[in-house]
Amino acid sequence: MNNQPIGIYDSGVGGLSVLREIKKLLPKESFIYVADQKYVPYGGKTTKELHKLSSAIISFLISKEVKAIVIACNTSTVHSISYLRKKFNLPIIGTVPVMKTIANITKTKKTAVFSTPATAKSPYLTKLINKFAKGITVYKIGGTGLEELVEEGNIRSVKIKKILEKFLLPLKAKQVDAIALGCTHYPFLRNQVEELVGDTMQIVDSGGAVSRRTRVILINNKILANKKGKDYYYTTGDRAKFAKALNNLLGKKKRSVDHLILKVNL
Ligand code: DGL
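This report concerns the structure included in the present document. (Residues numbered from 1 in each chain as written. Predicted model: local features only at pLDDT ≥ 70, side-chain atom pairs only at ≥ 80, totals over all residues. Heavy atoms only, no water.)

1. So, the overall build of the protein chain
From N to C terminus, the protein chain includes 11 helices and 10 strands. Radius of gyration (C-alpha) of the protein chain: 18 Å, near the 18 Å computed for a compact globule of 266 residues. Dimensions of the protein chain along its principal axes, counting C-alpha atoms only, are 50 × 40 × 35 Å. Per-residue burial for the protein chain yields a buried fraction of 56% across its 266 residues. (Helix = DSSP H or I, 4+ residues; strand = E, 2+ residues; numbered from the N terminus. Rg over C-alpha atoms; globule rule 2.2 N^0.38 Å. Buried < 20%, exposed > 50% of the residue type's maximum accessible area, 1.4 Å probe, protein only.)

Here it is, written out as structure tokens:
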């Protein structure tokens, strides 16, 4: 048993879609969440920049004595997880598009991964496709502009609808019947995605898979918690804005939200 917190981070509020799934499965765990809103979006960053940002965040989380890290960000995972596992000596769980699931459920053998541009063009995603989706067409859709709008908290806007239409409607014509939401900001847009393409496509995100994987890693390392402690939330951006987004996305509740200064040279 180990009641130290789990460190979890994303470029912003997207990782909260992963956090809420882990909390459902592991209610006794405590968390320290970092939203790197000063540097959001990660989707246009280089691998080197992503290494620097994730290293700085994990160093901070280790200084808070976390027992494991969850990277609640596809972009950071696909670019940096191998680098981070070599650099830091604690269990690190990543978030990647659920390739295997969409490959299993497609009937038309046409699928899509909807992610940030950085994830879409990563060699890691190509490897995942080669490993799990042999013989299946996978359209890699690198969306832009959505993370910032989710960060604003206005997840029902006309702007979001327009962007989703641009990226997703062409997939209908291509007979795609399974789509992976490969950015942790996107599950907050699930209702709009369903309204657009839900009649012909199954929509899957990674939250469930990451929470199950986290449980396995905690069990294997004998570090499951048996007593819930307090959760802490940090943002490298604006504290009040983040606190508001937290209430909007996870439900209204009193939470400890602090500002974090990250020392990085991009
Ligand atoms: N939420 C992140 C992901 O899963 C990154 C979004 C961004 O900052 O571009 O990729």
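2. Focus: the sheet that holds strand 1 (residues 6-10)
The strand order 4-3-1-2-9-10 describes an open sheet built from 6 strands, whose pairing is parallel. A single partner strand is all that each edge strand has here, and the edge strands are strand 4 (92-93) and strand 10 (256-259). In this sheet, strand 2 (residues 31-35) lies alongside strand 1 in parallel orientation, the contact comprising 5 bridges. From the neighbouring strand, Gly 7 faces strand 2, where its bridge partner is Ile 32. (Pairing = 2+ DSSP bridges.)

3. Let's talk about the nonpolar core
Judged by nonpolar contacts, the single largest core of 49 residues is most densely connected at Ile 8, Leu 16 and Phe 114. Looking at which element gives the most residues to this core, the answer is helix 8 (residues 158-173), with 6 residues. Formed by 25 residues, the second largest nonpolar core is a distinct cluster that contains Ala 56, Ile 57, Ile 69 and Ile 81. (Core = buried A, V, L, I, M, F, W, Y, C linked by side-chain atoms within 4.5 Å.)

4. Thoughts on the site of the ligand
Taken together, 14 residues lie around the ligand, and Ser 11, Tyr 42, Gly 43, Thr 75 and Glu 147 are the ones closest in. One nitrogen or oxygen atom from the main chain of Asn 74 is found 2.9 Å from an oxygen atom belonging to the ligand. In this structure, Thr 75 approaches the ligand through a side-chain N or O atom, which is 2.5 Å from an oxygen atom. Surface burial for the ligand is 100%, taken as the share of its 300 Å² of free accessible area covered by protein chains. Split by residue class, the shell around the ligand holds 5 nonpolar, 7 polar and 2 charged. (Near = heavy atom within 4 Å. Polar contact = N/O pair within 3.5 Å; in protein donor to acceptor, adjacent residues only side chain to side chain. Areas by Shrake-Rupley, 256 points an atom, 1.4 Å probe, with all protein chains shown as cover. Nonpolar A, V, L, I, M, F, W, Y, C, P; charged D, E, K, R; others polar.)

5. So, the packing of helix 2 (residues 47-63) against helix 3 (residues 74-87)
Across the interface, helix 2 lies against helix 3 with an axial gap of 9 Å and an inter-helix angle of 60°. The angle between the axes of helix 2 and helix 3 places the two elements in the oblique class. Crossing handedness for the pair helix 2 and helix 3: right-handed. In contact with Thr 47, Leu 50, His 51, Ser 54, Ser 55 and Ile 58 of helix 2, helix 3 contributes Thr 75, Ser 76, His 79, Ser 80, Tyr 83, Leu 84 and Lys 87. For the contact of helix 2 with helix 3, a count of residues per class yields 4 nonpolar, 8 polar and 1 charged. (Axes fitted to C-alpha atoms, helices over the stretch in contact; angles between N-to-C directions. Parallel < 35°, antiparallel > 145°, perpendicular 65-115°, else oblique. Left-handed = near helix turned anticlockwise from the far one by under 90°. Contact = heavy atoms within 4.5 Å.)

6. A look at the pattern of salt bridges
Tallied over the entire structure, the rule returns 10 salt bridges. Of the charged contacts, one joins Glu 165 and Lys 161 as a salt bridge, the two residues approaching to 3.3 Å between their closest N and O atoms. Pair noted here: Glu 165 and Lys 161 are both in helix 8, with a separation of 4 residues, about one helical turn. Counted as one network, the salt bridges with shared partners bring together Lys 23, Lys 228 and Asp 231. (Salt bridge = Lys/Arg side-chain N within 4 Å of Asp/Glu carboxyl O.)

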